[in-house]
Amino acid sequence: MKKEVVAEWQLLLYIAGQTPKSIKALENIKKYAEEHLAGKYSIEIIDLLKNPQLAEGDQILAVPTLVRKFPEPIRKIIGDLSNEERVLVGLNIKPLNP
Amino acid sequence: MAYKKTKSQQFIFPKSPTGIDGLDEITNGGFPKGRPTLICGGAGCGKTLLSMQFLIKGITEHNEPGVFMSFEEPSDDLTLNVKSLGFDIEKLKADKKLIVDHVRVERSEIEEAGEYDLDGLFIRLGHAIDSIKATRVVLDTIESLFGGLDNQAILRAELRRLFHWLKAKGVTAIVTGERGEATLTRQGLEEYVSDCVIVLDHRVIDQVSTRRLRIVKYRGSTHGTNEYPFLIDADGISVLPITSLKLDNDVSSDIISTGVPGLDEMFHSGGFYRGSNTLISGTAGTAKTTIASYFANEQCNKNEKTIYFAFEESPQQLIRNMKSIGVDLEKHIKKGTLQIHSSRPSLNGLELHLLTLRKLIKEFQPTTIIIDPISNLITVGSQDEVRSMLVRLIDMLKANNITVLFTSLNKRTDKFRPDLAEESVSSLVDIWITVRDMEGIGERNRGIFIVKARGMGHSNQVREFVITDQGMELLDVELGPKGILTGSERQSHRIEKKMSDMKHQNEIIRKDREIERKRKALEANIEALRNEFESAEEELNILKATEELYAKLTSKKKKE
């Protein structure tokens, strides 16, 4: 889905197991990203149950947490991302078709 | 989680020793094991330090690894902060005994969009606990979460879950919280942590700051309920229980000499009991320090370790002054039996003074302590504070069976009744000796008497004493017609007595001579009478002989 250019948007989604909230969050961010950042993003999913030591690095408290690694500055959005407006504001994405 | 106390006498509530000087005493053994404890208080009252000390002492003294989750300070800052207090966190971290995790909650970085939970925090904490098998956990200050996250409903639910989770994990946890306006903590954490709640407080009264600690509640255990002052110094926190919970220290019946010639005799037992405390009070210049030095000297001569706390003179000055009256303290210092510590009372607050005393006592293990004078401490605290400090000091000394001698300077009052400093300790001391000026016509004499002596008979006399180059000496009691005589009255009484003695002596000699004369006269009379008698007897004999002769002659004539 990418690879012509290096992903302009690097997103990390921290979850703790396959909970309804995390599944919902993943669905949501995929939807928004396809809509607004098609072709220039990457999403990495980190399951803290498998890699608990990674929680410290990005200062993860709540799950699910979406971290915008790039572009700087780092932004975090917590929750199941059901509120699209807030996610977009949080990621600082300007909707393509308003 | 209601906990019911078992009736069984053997039952001991499981506790984790805090490692904080004095706190174990008032909590009867430490924080509840496997349960969270809430420590709350305003800014800068020592919450972080107390919890850090709990962790570090747990590692160093009880080999219980710990996790410190900081929501406020980055771990490097924390390391530096507590390093100044002598804790080396880096080493403990390297030894895998301690994990310091800084949880940063930055509101500006976080956007909330939808439902979430704090599993991330749980996982982090759980991972940290599991990786070093920690049994002690500190969350400092978890309320910061409220500043970083908006959804209070979720937060509260998650906090409740967190505390249950901590309990289920079986870790002994400390949760710190900022003090709120009307509640113990700003966010009402006390609702969640209900096993043990401790409040720290930092108050400034009359420009002197005192930190205090109080156990608000402790389920399933007895505990001290008062406010206990505590200190933060180079070794961390130490809590000073105002009094021990009980008064049941061992007592000794050993008698130790006061060192002052003559003073021992004023006590029927011949001195103080070992482990007793003695107050010497008096106005300025009544030789309180001299008596104290005599006692120190005496104790040192008997190889009793002694600490002399001088709040008025430097050690050098004290040594020089005492040398002038023949008391050599220097040799004891060289020998190592005596330590003199001088400091101005205003150097630090009362509590710090007390702590210094405690520390020195712990290090040097003395059997005798002299504090000269306690009245100077009044300048740093109110009467109540001084009193409470002295109670604690005396308690501590009694518990260690240390003999203590205080001096107290009292103001010159007409009544010669106790002054502030005296009043605050007089009921605490076992023996109270007063030295005082006895002012007469153009002179000032020193008198010493015993106001009270618990458990021993004592003289009721006011004894005069003098201090010469040879030292201090209690003079014999001189009874005059109007009571005990002192000073020049004593001298003149002596001269008068001498003269009357001489007169009396002369009289006796004269009387002796008179008797002698009378005897001689008597004897002469007896001789004369005897002579008279003898001559009369002789005359009678002659008469009788003549009669006989005459009779013979007449009878002869008749025969013829």
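Residues numbered from 1 in each chain as written. Chains lettered and ligands numbered in written order. Predicted model: local features only at pLDDT ≥ 70, side-chain atom pairs only at ≥ 80, totals over all residues.

Another aspect to go through is the overall build of chain A. Helix and strand counts for chain A stand at three helices and four strands. Secondary structure of chain A in N-to-C order comes out as β-α-β-α-β-β-α. Within the span of chain A, comprising 98 residues, buried residues form 36% of the whole. When contacts within chain A are restricted to residue pairs at least 6 apart in sequence, those whose partners lie at least 24 apart make up 66%. (Helix = DSSP H or I, 4+ residues; strand = E, 2+ residues; numbered from the N terminus. Buried ≥ 20, exposed ≤ 12 C-beta atoms within 10 Å, placed from the backbone. Contact = placed C-beta atoms within 7 Å.)

Moving on, we come to the overall build of chain B. For chain B, the helix and strand inventory stands at 15 helices and 25 strands. Out of the 560 residues belonging to chain B, those deemed buried represent 41%. Put simply, 70% of the contacts in chain B that link residues at least 6 apart link residues at least 24 apart.

Moving on to the sheet that holds strand 22 (residues 463–468) of chain B. Residue and element names in this part refer to chain B. Judged by pairing direction, the sheet is mixed, and its nine strands sit side by side in the order 17-16-18-19-15-20-21-22-23 without closing on themselves. Strands at the two margins of the open sheet, each flanked by one partner only, are strand 17 (338–342) and strand 23 (471–474). Put simply, the sheet's adjacent strands are angled 20° from each other on average, direction ignored. Here four bridges tie strand 18 (residues 368–372) to strand 19 (residues 403–409), and the two strands are oriented parallel to one another. Bridge pairing in strand 19 links I370 to L405. (Pairing = 2+ DSSP bridges. Axes fitted to C-alpha atoms, helices over the stretch in contact; angles between N-to-C directions.)

What follows deals with unusual backbone geometry. Cis geometry marks the peptide bond from A:V63 to A:P64, where omega comes out at -5°. Take A:P64: it is sitting in the loop between helix 2 (54–57) and strand 3 (65–70). The backbone of B:N303 sits at a positive phi, close to 60°, despite the residue not being glycine. When you line up the elements, B:N303 lands in the loop between helix 9 (288–301) and strand 16 (306–310). In the Ramachandran plot, B:Q365 falls in the positive-phi region, its phi being about 55° despite a non-glycine side chain. Residue position: B:Q365 is located in the loop between helix 12 (350–364) and strand 18. With 11 C-beta atoms packed within 10 Å, B:Q365 lands in the exposed category.

Before going further, it helps to spend a moment on helix 1 (residues 20–36) of chain A. All names here are of chain A. Here helix 1 spans 24 Å end to end across 17 residues, near enough to the 24 Å set by a 1.5 Å rise per residue. Considered for burial, the residues of helix 1 that qualify are K21, S22, A25, N28, I29, Y32 and A33. Down the axis of helix 1, the buried side of the element spans an arc of 125°, and every buried residue falls inside it. Away from the buried face of helix 1 by more than 90 degrees, exposed residues P20, K31 and E34 are located. Of the surrounding secondary structure, the elements contacted by the buried residues of helix 1 are strand 1 (9–15), strand 2 (41–47), strand 3 and helix 3 (84–91). (Expected span 1.5 Å × (residues − 1). Arc of directions from axis to C-beta.)

As a further point, take the interface of chain A and chain B. Opposite the 30 residues of chain A that make contact, chain B presents 21 residues. Among the elements of the structure, helix 2, strand 4 (75–78) and helix 3 of chain A are those that each provide at least two residues to the side of chain A that touches chain B. Its residues assigned to classes, the side of chain A that touches chain B comprises 17 nonpolar, seven polar and six charged. Direction of pairing for strand 4 of chain A relative to strand 6 (residues 110–112) of chain B: parallel, over a ladder of three bridges. (Nonpolar A, V, L, I, M, F, W, Y, C, P; charged D, E, K, R; others polar.)

Moving on to the pairing of strand 2 of chain A. All names here are of chain A. In terms of strand pairing, strand 1 meets strand 2 through seven bridges, oriented parallel. The residue bridging Q10 from the neighbouring strand is S42, located in strand 2. The handedness of the strand 1 to strand 2 crossover, carried by helix 1, is right-handed. (Right-handed = clockwise from strand over helix to strand, strands pointing away.)

All names here are of chain B. Position of P373 among the secondary structure elements: in the loop between strand 18 and helix 13 (383–399). Between the alpha carbons of P373 and F406 there is a distance of 6.3 Å; along the sequence they are 33 residues apart. Those residues within four positions of P373 in sequence are excluded, and the remaining contacts are K288, F311, E312, T407, S408 and L409.

Residues and elements named next belong to chain B. Pairing geometry for strand 15 (residues 277–282) and strand 20 (residues 431–440), over five bridges, is parallel. Bridge assignment links T278 to a residue of strand 20, and that residue is I431. Strand direction decides the pairing type here: strand 20 and strand 21 (residues 443–453), joined by ten bridges, are antiparallel. For E439, the partnering residue across the bridge sits in strand 21 and is R444. Counted between consecutive antiparallel strands, the loop separating strand 20 from strand 21 contains two residues, among which G442 sits at a positive phi close to 70°.

Turning next to the sheet that holds strand 1 of chain A. As summarised here, the arrangement of the five strands in space is 2(A)-1(A)-3(A)-4(A)-6(B), forming an open sheet in which the pairing is mixed. Of all the strands in the sheet, the pair left with one neighbour each is strand 2 of chain A together with strand 6 of chain B. Along the sheet, successive strands turn relative to each other by an average axial angle of 20°, direction set aside. The sheet strands contacting helix 3 of chain A are strand 3 and strand 4 of chain A together with strand 6 of chain B, and the helix crosses strand 4 of chain A at an angle near 165°.

It is worth spelling out the nonpolar core at this point. Residue and element names in this part refer to chain B. One finds V67, V137, V239 and I370 to be the most contacted residues of the largest nonpolar core, which totals 150 residues. Split by domain, this core shows at least three residues from each of two domains, domain 1 (15–239) and domain 2 (255–477). With residues up to four places along the chain from it excluded, the contact list for I370 reads A292, F295, A296, T306, Y308, F309 and L405. (Core = buried A, V, L, I, M, F, W, Y, C linked by C-beta atoms within 7 Å. Domains from an automatic or database assignment.)

Residue placement: B:R358 occurs in helix 12. Residues B:R358 and B:L393, spaced 35 residues apart in sequence, show a C-alpha to C-alpha distance of 8.1 Å.

This part covers the environment of B:S209. Residues and elements named next belong to chain B. Note that S209 resides in strand 10 (residues 208–218). Using a count of 11 C-beta atoms within 10 Å as the deciding quantity, one classes S209 as exposed. Sequence separation between S209 and E351 is 142 residues; the distance between their C-alpha atoms is 9.7 Å.

Counting all residues, the mean pLDDT for chain B is 83, and 91% of those residues have values of 70 or more. In the model, residues 1–8 of chain B has pLDDT below 50 throughout and makes four contacts with residues more than four positions away in sequence or in other chains. (pLDDT = per-residue confidence, 0-100.)

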